[in-house]
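Coordinate analysis (summary)
Take a look at the letters that make up each chain.
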Amino acid sequence: MSLRARQIDARRHRILDAAALLIRQTGGTDFSMRSLAEAAETAPATPYNLFTSKDGLLYALLSRSLDDITHQGLALSARDPLDQALEAAMKAADIFLLDPAYMRPLYQFLLGVVDPIHRPKFIERSLAYWRAALAGAEAEKLFKGTLSRSTLEYALMAQFMGVLDFWIHDDIDAAGFRSRVTSGTVLLLLPFANDTQRARLLRRLRSAQKISHRPSPSAVVSIGTQARPVQESKT
């Protein structure tokens, strides 16, 4: 990489870091590009030169968050292929819960704005996450034809995004997010399970349903820097 390319890359990362900090500080994505340039200590035109638009900048942040989710979420320890898919879903949920002050506003933007330029690429990358999560199941030939696999990967993504939408709008708390991701994922995997896998998945489902039936706490999600999913206080 040339010196100029390294300098451009450094400015790009500095602007993205400043944008992430503004989201955490303000609780939203409504900051101006001028205030972002000031926070990043760059010229006012630099964010536009590097990202073209505010939407382009926010999708760059989304893409960076997806890089982290993919890197961490697909570091799977389960041996059973269906357990791997469930583990990938739960790891993704936990990554969101680690940083709600940032992930909530950022993904509110994703779920609330129609963008024919950036969104299709992001959705395809998201779909690739679930395709990778099902790689073990495909290798074990649990699917009858590509239709079942492609349908399942899309269904897993849609189910996760639906539960995510509830969480980012405070309709469910952290425990509810995890339990509904668990139960929804299990229900989608059950048709492909053998007897042993089915028994194990049903145990996970029953455990998740016990949590989801608890009353939701009225307290707001506490914001912290714990290296684990945020636990919400109950009143």
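Provided above is the structure to which this section pertains.
Description of the structure in this document. (Residues numbered from 1 in each chain as written. Predicted model: local features only at pLDDT ≥ 70, side-chain atom pairs only at ≥ 80, totals over all residues. Heavy atoms only, no water.)

**Comments concerning the overall build of the chain**
The line we're drawing: Runs of E in the DSSP output that reach at least two residues are strands. Runs of H or I that reach at least four are helices, and both are numbered from the N terminus. Relative accessible area decides the class of each residue, using a 1.4 Å probe on protein chains only: under 20% of the type maximum gives buried, over 50% gives exposed, and in between gives partly exposed. A contact between two residues is defined here by any heavy atoms of the two lying within 4.5 Å. To measure how exposed things are, a 1.4 Å probe is used in the Shrake-Rupley method; for residues, cover is taken only from the protein chains shown.
Within the chain one finds 11 helices and zero strands. Along the chain, helices and strands appear, N-terminal first, in the series α-α-α-α-α-α-α-α-α-α-α. Counting the 235 residues in the chain, one finds 44% classified as buried. The long-range share in the chain, meaning contacts at least 24 apart out of those at least 6 apart in sequence, stands at 68%. A total accessible area of about 12,500 Å² is found for the chain, and carbon and sulfur atoms account for 53% of it.

**What about the nonpolar core?**
The following threshold applies: We call a set of buried residues a nonpolar core when its members are Ala, Val, Leu, Ile, Met, Phe, Trp, Tyr or Cys and they connect through side-chain atoms within 4.5 Å of each other.
Counting residues in each nonpolar core, the largest one holds 65 residues, and the members touching the most others are L36, L57, I69, F96, Y107 and F177. Examining the composition of this core, we find that 11 residues originate from one element, helix α5 (residues 81-98), more than from any other. When near neighbours in sequence (up to four residues on either side) are disregarded, Y107 contacts L62, S65, L66, I69, F96, F122, L164 and I168.

**A look at the pattern of salt bridges**
A side chain of one charge can pair with a side chain of the opposite charge when the charged atoms of the two come close. We count it as follows: Take a side-chain nitrogen of Lys or Arg and a carboxyl oxygen of Asp or Glu: if they are within 4 Å of each other, that pair is a salt bridge.
The full count for this structure, using the stated rule, is 12 salt bridges. Across the salt bridge formed by R125 and D67, the nearest N and O atoms sit 2.6 Å from each other. Taken together, the residues R125 in helix α7 (residues 119-133) and D67 in helix α4 (residues 54-73) connect sequence positions 58 residues apart. Exposure remark for R125: the relative accessible area of 32% places this residue in the partly exposed category.

**Describing helix α1 (residues 3-26)**
Quick note on the threshold: Multiply 1.5 Å by the residue count of a helix minus one, and that product is the helix's expected span.
With 24 residues, α1 ought to run about 34 Å at 1.5 Å a step, and its terminal C-alpha atoms sit 35 Å apart, in line with that. Restricting attention to buried positions, one finds in α1 the residues I15, L16, A18, A19, A20, L22 and I23. Next to the buried residues of α1 lie α2 (33-40), α3 (46-51), α4 and α6 (100-112). Taken from the residues just after α1, G27 is the one with a positive phi, measuring 75°.

**Observations regarding the side chain of E153**
Looking at the element boundaries, E153 is found in helix α9 (residues 146-168). When neighbours within four sequence positions are excluded, E153 is seen to be in contact with L127, W130, R131 and L134.

**Re the packing of α7 against α9**
What counts here: Where helices are involved, their axes are fitted lines through C-alpha atoms of the stretch in contact, as for all axes, and angles between N-to-C directions lie from 0 to 180°. What sets the label is the angle itself: under 35 degrees gives roughly parallel, over 145 gives roughly antiparallel, 65 to 115 gives roughly perpendicular, and the rest give oblique. Definitions for this section: a left-handed crossing has its near helix turned counterclockwise from the far helix by less than a right angle. A right-handed crossing has that turn clockwise. Polar here means any residue outside two lists: the nonpolar Ala, Val, Leu, Ile, Met, Phe, Trp, Tyr, Cys and Pro, and the charged Asp, Glu, Lys and Arg; Gly therefore counts as polar.
Between α7 and α9, the shortest axis-to-axis distance is 9 Å and the interhelical angle comes to 115°. For the element pair α7 / α9, the angle class is roughly perpendicular. Note on packing geometry: the crossing formed by α7 with α9 is right-handed. Contacts from I123, S126, L127, W130 and R131 of α7 reach α9 at R149, E153, Y154, L156, M157 and F160. Its residues assigned to classes, the contact of α7 with α9 shows seven nonpolar, one polar and three charged.

**Details of the environment of A175**
Tracing the chain through its elements places A175 in helix α10 (residues 174-189). In the structure, A175 is positioned 78 residues away from L97 in sequence and 9.6 Å away in space, judged by C-alpha atoms.

**Things to note about unusual backbone geometry**
Residues other than glycine seldom take positive phi values, yet E41 does so here, at roughly 60°. Taking relative accessible area as the criterion, E41 reaches 71% and is therefore assigned exposed. With phi around 65°, D170 is a residue other than glycine that occupies positive phi space. On the secondary structure map, D170 appears in the loop between α9 and α10. Overall, D170 belongs to the exposed group, its relative accessible area being 52%.

**Concerning α10**
Given 3.6 residues to a turn, an α-helix orients residues that are three or four positions apart in the same direction. Here is the rule: Each polar contact in these results corresponds to two N or O atoms within 3.5 Å; when the atoms are within protein, one needs to be able to donate a hydrogen and the other to accept it, and residues that are neighboring in sequence are counted only if both atoms are side-chain atoms.
If you check α10, its first and last C-alpha atoms are 23 Å apart, about what 16 residues at 1.5 Å a residue would give, namely 22 Å. Among the residues making up α10, those that are buried are A174, G176, F177, S179, V181, T182, S183, G184, T185, V186 and L189. Between the side-chain oxygen at the start of α10 and the backbone nitrogen of A175 there is a gap of 3.3 Å, and the oxygen is on D173.

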